[in-house]
Amino acid sequence: MANSMLGYGNYVDASAVSHGGWLSSLPVTNLQNRTRGKVARSVDTDPGNTRFAIRPPGVHDPVRAISLANINFSLGAKVRITGGNKVGVGIQHYDSGWVSAWGAVYAPNQLQWEDSNWWGHKYSETERLAGTNWTFTHVLPQKVYAPGDWQVDVDDPANPDAYVQIGRALLVTAWQPVVNISYPTEHGWENKTVVQEARSGAEYIYPSPPFRTARVMLDWMSVNEAFGHAFEIQRRSGIDQEVLYVYDPADTLHASRRSFSGRLRKLSPIEHPMLSANKTVFEVKEQI
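If you're wondering where the values come from, they're calculated on a predicted model, not measured in any experiment. (Residues numbered from 1 in each chain as written. Predicted model: local features only at pLDDT ≥ 70, side-chain atom pairs only at ≥ 80, totals over all residues. Heavy atoms only, no water.)

(A) Molecular detail of the nonpolar core. Among the nonpolar cores identified, the biggest contains 37 residues, and Phe52, Leu68, Phe73, Trp150 and Ile166 are the most heavily contacted of them. Elements represented by at least two residues in this core include exactly strand E4 (51–55), strand E5 (63–69), strand E6 (78–86), strand E9 (135–144), strand E10 (150–155) and strand E12 (168–175). Setting aside its immediate chain neighbours within four residues, Trp150 contacts Phe52, Ala53, Ile54, Pro56, Val63, Ile81, Thr82, Gly83, Tyr94, Leu140, Val144 and Leu171. Tyr8, Ala230, Ile233 and Val243 belong to the second largest nonpolar core, which has 19 residues in total. (Core = buried A, V, L, I, M, F, W, Y, C linked by side-chain atoms within 4.5 Å. Buried < 20%, exposed > 50% of the residue type's maximum accessible area, 1.4 Å probe, protein only. Helix = DSSP H or I, 4+ residues; strand = E, 2+ residues; numbered from the N terminus. Contact = heavy atoms within 4.5 Å.)

(B) Quick peek at the packing of aromatic side chains. Applying the stated criterion across every chain yields a total of 9 aromatic pairs. Aromatic pair Trp22 and Phe52: ring centres 6.4 Å apart, planes at 70 degrees, arrangement edge-to-face. On the criterion of sequence distance, the pair formed by Trp22 in the loop between strand E2 (16–18) and strand E3 (40–41) and Phe52 in strand E4 is long-range, its members being 30 residues apart. The class of Trp22 is buried, set by a relative accessible area of 13%. Given a relative accessible area of 1%, Phe52 falls into the buried group. (Phe/Tyr/Trp six-rings, centres within 6.5 Å; stacked < 30°, edge-to-face > 60°.)

(C) Local environment of a nonpolar patch on the surface. Taken together, the side chains of Val178, Val179, Trp220 and Met274 make up a nonpolar region of the molecular surface, amounting to roughly 410 Å² of accessible area. Inspection of the secondary structure assignment puts Trp220 in strand E16 (residues 211–221). (Patch = residues over 30% accessible without salt bridge, like charges linked within 9 Å, V, L, I, M, F, W, Y side chains within 5 Å. Areas by Shrake-Rupley, 256 points an atom, 1.4 Å probe, with all protein chains shown as cover. Salt bridge = Lys/Arg side-chain N within 4 Å of Asp/Glu carboxyl O.)

(D) Inspection of the pairing of strand E14 (residues 194–197) at higher detail. With 4 bridges connecting them, E14 and strand E15 (residues 203–206) associate as antiparallel partners. Within the sheet, the bridge partner assigned to Gln196 lies in E15 and is Tyr204. From the end of E14 to the start of E15, which pair antiparallel, there are 5 residues, and Gly201 there has a positive phi angle of about 100 degrees. (Pairing = 2+ DSSP bridges.)

(E) Seen up close, the pattern of salt bridges. In the structure shown here, the tally under the stated rule is 15 salt bridges. A salt bridge links Asp155 to Lys78; the shortest N-O distance between them is 3.8 Å. Placement of the pair is Asp155 in strand E10 and Lys78 in strand E6, with a sequence separation of 77 residues. Lys78 gets classed as partly exposed once you look at its relative accessible area, which sits at 35%. Two residues, Asp95 and Arg80, come together in a salt bridge whose shortest N-O distance is 2.4 Å. Of this pair, Asp95 sits in strand E7 (residues 89–95) while Arg80 sits in strand E6; the two residues are 15 residues apart in sequence, bridging distant segments of the chain. Judged by relative accessible area, which is 32%, Asp95 ranks as partly exposed. Among the charged side chains, a network of salt bridges with common partners joins Asp13, Arg34, Arg36, Arg168 and Glu242.

Laid out in structure tokens, this is it:
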């Protein structure tokens, strides 16, 4: 297991976002809007149209992760992320190569031979369409400073919707603590669905989509790490700015379940329970 990661300081909002072919009514600049339902939608599935470039402002921190929220990518979709001086030109500082937008999410012993998703151990098409605003998250092996454009290419020619749709993009730096999070940790769903019961016993349900939450504790930070990272992330992010939570960057099986973009639900104090250790708690609520 790799140490958990918290991304912060999204560069996308202050960047120039361009390229590709996107509907004029749902332009690529919608990726800069925090409302996940205000999507960017490509005109078709041609690879030349399902791409976009992010040009951060001249001075920015190194990039460690990118996240695409509220996506409609099909199970066969692939994504490639590159960082360099200019789209298609000049020095390329990072190239992810083509990676699957959907990895395996079930261990072999969880499925039966007759299951439609037996071979790839991915979600079935029915599961993909049910109940979640999906997020694609890519963590770079290390922090990369790439002056110029970051480009995202989506290869999804068989998408049944006949277009690619993305609700939000995050391009962030990130922090991984030297000593990993302590146990217990919490990951779960919350739901704001309202259920009203009439005097007859009949129930009237007003559904709301579920969202993910995580609560993790850091109990063994040095004073420099506690105040140089945890304290500063809370200062910069507050409870209103977006963060990217990744429980285990090395995990491929449950990455789509335990990685999501959201905000800090509360700001927790830095505690100093003993001479050589500082501690705090991060509570993250998914944005949908």
